[in-house]
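One-letter residues, chain by chain:
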Amino acid sequence: MAGLAAGLRALPPACGPVRLVAVDGHAGSGKTTFAGRLAAALGGAPVVHLDDLATHAEPFGWTERLRAQVFEPLAAGRDAEYAVYDWTLRRFAGTARVPLAPVVLVEGVGAGRRAVRPWLSRLIWMELDAAAARRRGEERDGPELAEFWAGWARAESAHFAADPSRASAATRVDGVTGRIIPSTVGEPSTKPLTCGVTRK
């Protein structure tokens with residue numbers, strides 16, 4: 001993990017002064033846990049959780065909010081702040097701050113989607129198939145969320161069918177062991193780009 005962290009710090013920034021690093025994969029594949037470990041290895045890097053931006057009505061309709069509330073302020077060299085969706089109240093309630101930092105992590109299903117990739121310095125994919133990830137998630141959340149998981153699985157499948165991101169990931173992580181797959185660590189995930197505040 002220390003080696004990956006050092007490599008990420010050395011990447012060219014692709015969002016103003018910030019190296020945005022996405023952690024993508026199926027729901028239940030270990031993204032949040034891995035992002036937490038990586039953030040610690042980076043000395044406390046900020047983490048944007050896409051679960052905070054998704055909603056019941058639009059599980060993948062967060063692209064514009066992410067761009068306007070997070071990417072554009074960071075690209076301009078400012079701290080960011082985004083509205084957080086409350087899954088119990090079914091509305092946005094509260095905010096989360098993203099301090100300007102050399103590396104900022106974005107974790108969640110679809111974090112490496114086509115519209116996000118130009119802003120990224122690196123895309124990391126959690127290597128665990130959809131069925132295994134769903135079983136893990138259902139065991140974690142219990143039977144009371146079985147209906148939610150069924151609906152989510154359909155939405156996730158449709159998303160990745162239309163907008164796959166795994167093939168664009170330079171770094172892949174074993175979703176069972178949490179270990180980085182060595183042959184993928186050092187490869188660049190995207191052509192270095194400089195993002196501007198006017199990008200749409």
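Presented here is a report on the structure given in the accompanying data block.

What counts, and where the lines are drawn
Residues numbered from 1 in each chain as written. Predicted model: local features only at pLDDT ≥ 70, side-chain atom pairs only at ≥ 80, totals over all residues. Heavy atoms only, no water. Helix = DSSP H or I, 4+ residues; strand = E, 2+ residues; numbered from the N terminus. Buried < 20%, exposed > 50% of the residue type's maximum accessible area, 1.4 Å probe, protein only. Areas by Shrake-Rupley, 256 points an atom, 1.4 Å probe, with all protein chains shown as cover. Arc of directions from axis to C-beta. Phe/Tyr/Trp six-rings, centres within 6.5 Å; stacked < 30°, edge-to-face > 60°. Lys NZ or Arg CZ within 6 Å of the ring centre and 35° of its normal. Pairing = 2+ DSSP bridges.

On to the overall build of the protein, then. Scanning the protein from N- to C-terminus turns up 5 helices and 7 strands. A burial count over the protein gives 48% of its 200 residues as buried. Accessible area for the protein stands at about 9300 Å²; split by element, carbon and sulfur atoms hold 55% of it.

This part is about helix H1 (residues 2-9). What H1 keeps buried is the set Leu4, Ala5 and Leu8. The buried residues of H1 occupy an angular sector of 100° when the element is viewed end-on, so they sit on one face. Of the exposed residues in H1, those oriented more than 90 degrees away from the buried face are Ala2 and Gly3.

It is worth spelling out the packing of aromatic side chains at this point. The full count for this structure, using the stated rule, is 4 aromatic pairs. Ring geometry for Tyr85 versus Trp87: centroids 5.1 Å apart, planes at 85°, classification edge-to-face. Residue classification places Tyr85 among the buried positions, given a relative accessible area of 7%. With a centroid separation of 5.5 Å and an interplanar angle of 75°, the aromatic rings of Trp125 and Phe160 are classed as edge-to-face. On the criterion of sequence distance, the pair formed by Trp125 in strand S6 (residues 120-127) and Phe160 in helix H5 (residues 146-162) is long-range, its members being 35 residues apart. A relative accessible area of 4% means that Trp125 is categorised as buried. Pairwise contacts between aromatic rings join Tyr85, Trp87 and Phe92 into one cluster. Lying over the aromatic face of Trp62, Arg113 brings its terminal NZ or CZ to 4.7 Å of the ring centre.

Sheet analysis places strand S3 (residues 80-86) next to strand S4 (residues 91-98), joined by 6 bridges and oriented antiparallel. Paired with Asp86 across the two strands is Arg91, which belongs to S4. Connecting S3 to the next strand, S4, in antiparallel fashion are 4 residues, including Arg90 with a positive phi near 60°.

Geometric descriptors of this kind do not, in isolation, establish any biological role.
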